[in-house]
Amino acid sequence: MFFLPSKIIGFFLAPFHFFMIVAVIGAMLLFTRWKTWGRALSTVSAFALLLMAFGPLGGLLASPLEARFPPPPHDMPAPDGIIVLGGAIDERLSASRDRPTVVDAAERLIAPISLKRKYPSARLVFTGGSAALQASPYSEADAVQRFWRDLGLDQGDVLYERRSRNTYENAIFTRDLLLPKPGERWLLVTSAIHMPRAIGAFRQAGFDVIAYPVDYRTSGDSRLEFPRFATKALGLVEFAAHEWAGLVAQRLFGKSDALFPAP
């Protein structure tokens, strides 16, 4: 019940989608007796879109998320296992082209290869099914399995969880698959901007993990960051807004132990 409404509501409330819809409504009102409302809505939408595309809004939203969980030290003790969250594969293109097609978050899949070579005895687990609204026989785990195999990663002790459709299901199904024992050390690999929400979900599931953030989108300094390309800036605003909204939703529906999980 949580999955479908979250996808539909998330689509309409995504900042770019929301203000484009408002702009269209405003433009339509210009040809009616509510011209004043039409001008107001169009003006507000235009300024909001300009701010998202050419201002520092994306960095301001993303920086606190990325800074929340620092990476572990390089000389940390060897972990018992490595958990990799989905979100780096374009399912539709991978299925239609019959080859793994990665998106901007590809470091989620590259970093675990390095970790596995550094800690060969650690178990490697990928968790990610299909996040599509329509049922699909092709899961993200299928593409990742082929991607890692093509890169020469030994598949002998790699596990794949193929049912999860969102972050909370990642946590629940991975916990049930692994049945972690007290004292075990599990690294959680996902985008730095996504890490607070992921940690909250895993903690709520009773699975204590160690954050291993990757795929940073901001520089991490205190200066305002103005984008070079509007499309990249809009993507960062969408990603960060999605994570903030997800943190609120997870807390409201009891799927996280805190509104903004901390180390």
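Overview of the structure. Given the structure is predicted, the values throughout are model-derived calculations rather than measurements. (Residues numbered from 1 in each chain as written. Predicted model: local features only at pLDDT ≥ 70, side-chain atom pairs only at ≥ 80, totals over all residues. Heavy atoms only, no water.)

**Let's talk about the layout of surface pockets**
Then, in step 1: Estimated volume of the second largest pocket: approximately 240 Å³.
Then, in step 2: Considered class by class, the residues forming the lining of the second largest pocket number eleven nonpolar, two polar and two charged. (1 Å grid on protein atoms, 1.4 Å probe; cavity = no way out; pocket = protein on both sides within 12 Å on 5 of 7 lines; lining within 4 Å. Points joined across faces, edges and corners; volume = space filled by probe spheres on them. Nonpolar A, V, L, I, M, F, W, Y, C, P; charged D, E, K, R; others polar.)

**Description of helix α6 (residues 107–118)**
Then, in step 1: With twelve residues, α6 should cover 16 Å at 1.5 Å per step; its first-to-last C-alpha distance of 16 Å lies within 8% of that length.
Then, in step 2: For α6, the complete set of buried residues consists of Arg-108, Leu-109, Ala-111, Pro-112, Ile-113, Leu-115 and Lys-116. (Helix = DSSP H or I, 4+ residues; strand = E, 2+ residues; numbered from the N terminus. Expected span 1.5 Å × (residues − 1). Buried < 20%, exposed > 50% of the residue type's maximum accessible area, 1.4 Å probe, protein only.)

**Examining the nonpolar core**
Then, in step 1: Among the nonpolar cores identified, the biggest contains 26 residues, and Ile-82, Val-84, Leu-109, Phe-126 and Trp-148 are the most heavily contacted of them.
Then, in step 2: Contributions of two or more residues to this core are made by β1 (81–85), α6, β2 (123–127), α7 (140–150), β3 (158–161) and β4 (186–191).
Then, in step 3: Those residues in contact with Trp-148 that lie beyond four places of it in its chain are Val-84, Leu-109, Pro-112, Ile-113, Leu-124, Phe-126, Leu-153, Gln-155, Val-158 and Tyr-160.
Then, in step 4: Ranked by size, the runner-up nonpolar core spans 19 residues in total, among them Val-125, Met-195, Ile-199 and Phe-207. (Core = buried A, V, L, I, M, F, W, Y, C linked by side-chain atoms within 4.5 Å. Contact = heavy atoms within 4.5 Å.)

**Topic: the environment of Glu-243**
Then, in step 1: Note that Glu-243 resides in helix α10 (residues 230–252).
Then, in step 2: For the pair Glu-243 and Leu-65, spaced 178 residues apart in the sequence, the C-alpha separation amounts to 8.3 Å.

**As for the side chain of Arg-197**
Then, in step 1: Within the fold, Arg-197 resides in helix α9 (residues 195–204).
Then, in step 2: With relative accessibility at 11%, the residue Arg-197 sits in the buried group.
Then, in step 3: A polar contact of 2.9 Å, which involves the side chain of Arg-197, links it to the side chain of Glu-243.
Then, in step 4: Apart from the residues within four sequence positions on either side, Arg-197 is in contact with Thr-167, His-242, Glu-243, Gly-246, Leu-247 and Gln-250. (Polar contact = N/O pair within 3.5 Å; in protein donor to acceptor, adjacent residues only side chain to side chain.)

**Quick notes on unusual backbone geometry**
Then, in step 1: We note that Asp-98 has phi near 55 degrees; this positive angle belongs to a residue other than glycine.
Then, in step 2: With respect to the secondary-structure elements, Asp-98 resides in the loop between α5 (91–97) and α6.
Then, in step 3: For Asp-98, a relative accessible area of 53% gives the class exposed.
Then, in step 4: Positive phi values are uncommon outside glycine, yet Asp-215 reaches one of about 60 degrees.
Then, in step 5: Tracing the chain through its elements places Asp-215 in the loop between β5 (210–214) and α10.

**Notes on the sheet that holds β4**
Sheet strands pair via backbone hydrogen bonds, and the direction of the pair is either parallel or antiparallel.
Then, in step 1: Pairing within the open sheet is parallel, and its five strands lie in the order β3-β2-β1-β4-β5. If you trace the sheet from one side to the other, it starts and ends with β3 and β5, each paired once. Adjacent strand axes in the sheet meet at a mean angle of 20 degrees, parallel and antiparallel pairs treated alike.
Then, in step 2: Bridge count between β4 and β5: five bridges; the pairing is parallel. When the sheet's bridge partners are listed, Leu-188 is paired in β5 with Ala-211. (Pairing = 2+ DSSP bridges. Axes fitted to C-alpha atoms, helices over the stretch in contact; angles between N-to-C directions.)

**Some thoughts on the environment of Pro-180**
Then, in step 1: By the element assignment, Pro-180 lies in the loop between α8 (167–178) and β4.
Then, in step 2: In contact with Pro-180, not counting residues within four places along its chain, are Arg-175, Trp-186 and Phe-207.

**Observations regarding the environment of Trp-186**
Then, in step 1: With respect to the helices and strands, Trp-186 occurs in strand β4.
Then, in step 2: On the basis of relative accessible area, Trp-186 is assigned to the buried category, the value being 2%.
Then, in step 3: Along the backbone, Trp-186 and Asp-80 are 106 residues apart, and their C-alpha atoms lie at a distance of 5.8 Å.
Then, in step 4: Discounting chain neighbours no more than four positions away, the residues touching Trp-186 are Gly-81, Ile-82, Ile-83, Arg-123, Val-125, Leu-178, Pro-180, Phe-207, Val-209 and Ile-210.

**Quick word on the packing of aromatic side chains**
Then, in step 1: All told, the structure shown has six aromatic pairs when counted by the stated rule.
Then, in step 2: Relative to Trp-148, the ring of Phe-126 has its centre 6.2 Å away and its plane inclined at 90 degrees; by these criteria the two rings are edge-to-face. In this pair, Phe-126 sits in strand β2 while Trp-148 sits in helix α7, placing the two residues 22 residues apart along the sequence.
Then, in step 3: For Phe-126, a relative accessible area of 0% corresponds to the buried category.
Then, in step 4: For Trp-148, a relative accessible area of 0% corresponds to the buried category.
Then, in step 5: Measuring from centroid to centroid gives 6.2 Å for Trp-148 and Tyr-160, while their planes differ by 45 degrees, and the two rings are tilted. Here the residue Trp-148 occupies a position in helix α7, and Tyr-160 occupies one in strand β3, the gap between them amounting to twelve residues.
Then, in step 6: Judged by its relative accessible area of 13%, Tyr-160 is buried. (Phe/Tyr/Trp six-rings, centres within 6.5 Å; stacked < 30°, edge-to-face > 60°.)

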